[in-house]
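# Understanding the architecture of this molecule
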Amino acid sequence: MAPVVKASTPETAKRHILVVDDEPNLVELIEDVVRGSTDCGVVVAASLDQARKILATAKIALLVTDVNLPDGDGMSLIPTLHKHQPGASAIVMTGAPSMDGAISALRGGALDFVPKPFTHDQLVDRIRKALDQQARAAKEEKRFDRLREAVKRLNASRRTISKKVDLLCNDLVSAYGELSRQLDGIRTQEGFRKFVASAKDLEQLLCHAMDWLLRQIGYANVAVWLAGEDGEFQLGAYMKYTVAGEAALTEALRRVLLPMAVRDGLLRVSTEEIADKFTPQEMHHLKDQDVIAVNCTYLGESLAALVFFRDVRAPFTQEDEALLKSISPIFALSLASVVRDADAEDPEDSGNSPFYDGNTDVEDDDEKPKRNDSADWWKHGGEPPF
């Protein structure tokens, strides 16, 4: 008997019952029961082979099969049913019922075991119970599917939120770090400003500035260059740490380093990197030196340049660069204030020169009142107070 499909099309969304039996009268009875008591469609097969083809291609909610079929045991269809239709149920019918047969059917995955002959009401009751249980199982499966999908979405959202929180935390850490650096810069500027504020004249300003800077960045050779009215830089002060301020050295600094510092604002190089710009005699003084220089501007005009250099084995740090960059405008402002005050007091008095060439034998000016200023230690060749 060829399989006959008596069911609504898939678009009607009706459930389908597969009836597998080789007795036409029984098949017709089951069809009448199904049509009269459920909203399901019916698919019929008379053999295991026909039934397997249907299970592999059609959507089946319930399998009703006889045990004894022309080509084998109907219970062998139950694993095939569960393979292709995991949520479907099965009812097994037999004309030779036994306890062992019932147990075998239930253990094999059948939902119910129905002995023949059965009444109309018995069949309706068994089919309805099987369909109700299948519907509940399908509903639960859909609910689990929705829960699984919700969990997936929640996990995706959690990962997205976690990434956003991480980014926010990183932004906050970066912002805090930047704010901390800015506050450190402000504290550094204020510390320098207060330290040089007590300077009464240009010489004392240079003393205080070099004293404060050396306390921060450590021992180094220091040259302070002051811009003249003609725009040319003149050496305002030199402090020897390891290299004396000979004319050849200071000329090399003025000729090579100052233009680069004025152009870049902040210069950080080793003398080996710019060795081609120095003469052999100049390189004799500057060999293997780490150099850092900063241009000090006020209202866009270069007023001074600070040059520090020492052995490359004790190089300057990025913190030293940031320090010089932060205090350079404060030094220029202080320099402008001192010069303005000096001009206001006595335009004719050019003052004493703060030039220092590295010698410790500096003669005192008897006519000038002597100051007891701890920041003058470098000028008189004394030991650093720090």
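Residues numbered from 1 in each chain as written. Predicted model: local features only at pLDDT ≥ 70, side-chain atom pairs only at ≥ 80, totals over all residues. Heavy atoms only, no water.

Unfilled space is identified by rolling a water-sized probe across the atoms. Taken as a whole and assessed by the stated rule, the structure comprises one cavity of 30 Å³ or more. Computed from the structure, the largest cavity encloses a volume of approximately 30 Å³. Surrounding the largest cavity, Leu206, Ala209, Met210, Leu213, Val224, Leu306 and Phe331 form its lining. Looking at the lining of the largest cavity element by element, the count peaks at four residues for helix α6 (residues 202-217). Of the residues assigned to the lining of the largest cavity, the class counts are seven nonpolar, no polar and no charged. (1 Å grid on protein atoms, 1.4 Å probe; cavity = no way out; pocket = protein on both sides within 12 Å on 5 of 7 lines; lining within 4 Å. Points joined across faces, edges and corners; volume = space filled by probe spheres on them. Helix = DSSP H or I, 4+ residues; strand = E, 2+ residues; numbered from the N terminus. Nonpolar A, V, L, I, M, F, W, Y, C, P; charged D, E, K, R; others polar.)

Turning to helix α1 (residues 24-37), a few remarks are in order. For α1, with 14 residues, the first-to-last C-alpha span of 20 Å sits near the 20 Å given by 1.5 Å per residue. Residues Leu26, Val27, Ile30, Glu31, Val33 and Val34 constitute the buried set of α1. All buried residues of α1 lie within an arc of 165° about the axis, which places them on one face of the element. Exposed side chains of α1 directed beyond 90 degrees from the buried face belong to Asn25 and Gly36. (Expected span 1.5 Å × (residues − 1). Buried < 20%, exposed > 50% of the residue type's maximum accessible area, 1.4 Å probe, protein only. Arc of directions from axis to C-beta.)

Another point: helix α2 (residues 48-57). Within α2, the full set of buried residues consists of Leu48, Gln50, Ala51, Ile54 and Leu55. All buried residues of α2 fall inside an arc of 160° around its axis, so they share one side. Opposite the buried face of α2, at more than 90 degrees from it, the exposed residues are Lys53 and Thr57.

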